[in-house]
Amino acid sequence: MPTLPAELIKTERLAPLAGKPSGEQVSIDKGVLAEIVERTAQAIGAVERGNERAVGVKALWSCVDTIMRTGATPAACGPR
Amino acid sequence: MNRVRLIIGAVILLAIVAAVWMIRSGGERAGAAKVTQAGEQQRAGRLAEARSDERAATAVSASISQRVSRADALSTAAVQATIKDLRDALDAVPPAVAGDPFPAAPVERLRDQINASIARANRAADDADTASGTDQD
């Protein structure tokens with residue numbers, strides 16, 4: 001197998017919220033705020049799933065590579 | 001007399017040449033058959049090996065995609081739980097303090113819940129980066 005291109009297993013990291021107040025106040029409707037935080041949570045979940053896919057691609061590539069070279073399936077590649 | 005000896009000599013010579021030729025071509029045929037058979041056996045062996053590698057790769061591909069869809073489902077469930085927590089935090093906002101036009105938003109709870117999700121996403125990235133490819137969950 002050729003080398004797995006790094007672009008295919010690039011992971012994404014997010015900076016945590018600092019939540020530092022600026023001192024300026026605005027009012028916001030509760031429903032609007034709720035929607036903003038929900039969509040934020042969903043976007044973070046999408047990043048997590050994308051990273052899990054990188055885990056899968058890496059595993060598949062190296063498992064198939066081992067099978068092609070040795071003919072044996074490594075234990076870590078089996079069903080779990 | 002001389003002619004008879006000459007003819008006998010020629011016949012013997014012909015017989016020797018014919019015998020050599022027969023042995024040679026017989027050996028050639030047997031040798032070719034042996035080489036062909038060996039080649040076919042080698043080819044069959046390699047083909048069987050490739051087929052078995054292919055089957056092993058298919059099985060591994062299935063088990064890894066199952067693993068990824070389990071991780072996917074866990075992540076989706078975590079997002080649902082987070083959204084519920086965020087809603088609960090907003091619902092639990094107490095009424096405005098006397099003198100203030102609006103109650104304060106629960107920014108700290110919202111921030112902590114969002115940060116817990118961000119930590120999950122970043123841990124998945126760590127898993128991918130540290131994995132050698134075969135030994136991760």
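Residues numbered from 1 in each chain as written. Chains lettered and ligands numbered in written order. Predicted model: local features only at pLDDT ≥ 70, side-chain atom pairs only at ≥ 80, totals over all residues. Heavy atoms only, no water.

S.K.: Which parts of the structure should I look at to understand the overall build of chain B?
M.R.: Within chain B, the secondary structure is distributed over two helices and zero strands. Taking 137 residues into account, the globule formula puts the C-alpha radius of gyration at 14 Å, and chain B, at 43 Å, lies well above it. Across its three principal directions, the C-alpha atoms of chain B cover 150 × 20 × 20 Å. For chain B, with 137 residues in total, the buried portion stands at 26%. Split by element, the accessible area of chain B, about 9,800 Å² in all, is 62% carbon and sulfur. Across chain B, the mean location of the 17 positive side-chain charges is 24 Å away from that of the 17 negative side-chain charges. (Helix = DSSP H or I, 4+ residues; strand = E, 2+ residues; numbered from the N terminus. Rg over C-alpha atoms; globule rule 2.2 N^0.38 Å. Buried < 20%, exposed > 50% of the residue type's maximum accessible area, 1.4 Å probe, protein only. Areas by Shrake-Rupley, 256 points an atom, 1.4 Å probe, with all protein chains shown as cover. Lys, Arg positive; Asp, Glu negative; His and termini not counted. Charge placed at Lys NZ, Arg CZ, Asp CG, Glu CD.)

S.K.: It is not clear to me how the overall build of chain A should be interpreted in this structure. Could you clarify?
M.R.: Along the backbone of chain A there are one helix and zero strands. The globule rule puts the C-alpha radius of gyration for 80 residues at 12 Å, and the 21 Å found for chain A is more than 25% above it. In terms of its C-alpha atoms, chain A occupies a principal-axis envelope of roughly 65 × 25 × 15 Å. Out of the 80 residues belonging to chain A, those deemed buried represent 35%. Summed over its atoms, the accessible surface of chain A is roughly 5,200 Å², and 60% of this surface lies on carbon and sulfur atoms. For chain A, the distance from the average position of its 10 positive side-chain charges to the average position of its 9 negative side-chain charges is 7 Å.

S.K.: What's the story with the pattern of salt bridges in this structure? I'm lost.
M.R.: Oppositely charged side chains can pair when the atoms bearing their charge come close. Under the defined criterion, the tally for this structure stands at 12 salt bridges over all chains. Taking the shortest distance from any N to any O, the salt bridge between R39 of chain A and E35 of chain A comes out at 3.8 Å. Placement of the pair is R39 of chain A and E35 of chain A together in helix α1 (residues 30–70), with a separation of four residues, close to one helical turn. Classification of E35 of chain A by relative accessible area gives partly exposed; the value is 45%. A network of salt bridges, in which partner residues are shared, links R13 of chain A together with D126 and D129 of chain B. (Salt bridge = Lys/Arg side-chain N within 4 Å of Asp/Glu carboxyl O.)

S.K.: Honestly, the packing of α1 of chain A against helix α2 (residues 107–130) of chain B in this entry has me stumped. Any pointers?
M.R.: α2 of chain B packs onto α1 of chain A with a crossing angle of 10° between their chain directions and a minimal axis gap of 7 Å. By the angle between their axes, α1 of chain A is roughly parallel relative to α2 of chain B. Every residue of α2 of chain B that contacts α1 of chain A at L33, V37, T40, A41, I44, V47, E48, N51, E52, A54, V55 and K58 of chain A is listed here: L110, I114, S117, I118, R120, A121, A124, A125, D127, A128 and D129 of chain B. Here the contact of α1 of chain A with α2 of chain B is built from residues that sort into 14 nonpolar, three polar and six charged. (Axes fitted to C-alpha atoms, helices over the stretch in contact; angles between N-to-C directions. Parallel < 35°, antiparallel > 145°, perpendicular 65-115°, else oblique. Contact = heavy atoms within 4.5 Å. Nonpolar A, V, L, I, M, F, W, Y, C, P; charged D, E, K, R; others polar.)

S.K.: What should I look at first to understand the side chain of N51 of chain A in this one?
M.R.: Mapped onto the fold, N51 of chain A is located in helix α1. The contacts of N51 of chain A, once residues within four sequence positions are left out, are T11 and E12 of chain A together with A121, A124, A125 and A128 of chain B.

S.K.: Whenever I open this one, the layout of surface pockets confuses me. Can you help?
M.R.: Regions of empty space are outlined by a rolling probe, equal in size to a water molecule, passed over the atoms. Size it by volume and the largest pocket reaches roughly 1,100 Å³. Taken together, 30 residues form the lining of the largest pocket, with V26, I28 and L33 of chain A together with A105 and V107 of chain B sitting closest to its centre. At the level of secondary structure, the elements contributing two or more residues to the lining of the largest pocket comprise α1 of chain A together with α2 of chain B. Tallied by class, residues from the lining of the largest pocket come to 18 nonpolar, six polar and six charged. (1 Å grid on protein atoms, 1.4 Å probe; cavity = no way out; pocket = protein on both sides within 12 Å on 5 of 7 lines; lining within 4 Å. Points joined across faces, edges and corners; volume = space filled by probe spheres on them.)

S.K.: Honestly, α2 of chain B in this entry has me stumped. Any pointers?
M.R.: Each α-helix turn comprises 3.6 residues. Residues three or four places apart therefore point the same way. Compared with the 34 Å implied by 1.5 Å per residue over 24 residues, the 34 Å span of α2 of chain B between its first and last C-alpha is a close match. Considered for burial, the residues of α2 of chain B that qualify are L110, Q113, I114, N115, S117, I118, A121, N122, A124, A125 and A128 of chain B. Buried residues belonging to α2 of chain B abut α1 of chain A together with α1 (2–91) of chain B. (Expected span 1.5 Å × (residues − 1).)

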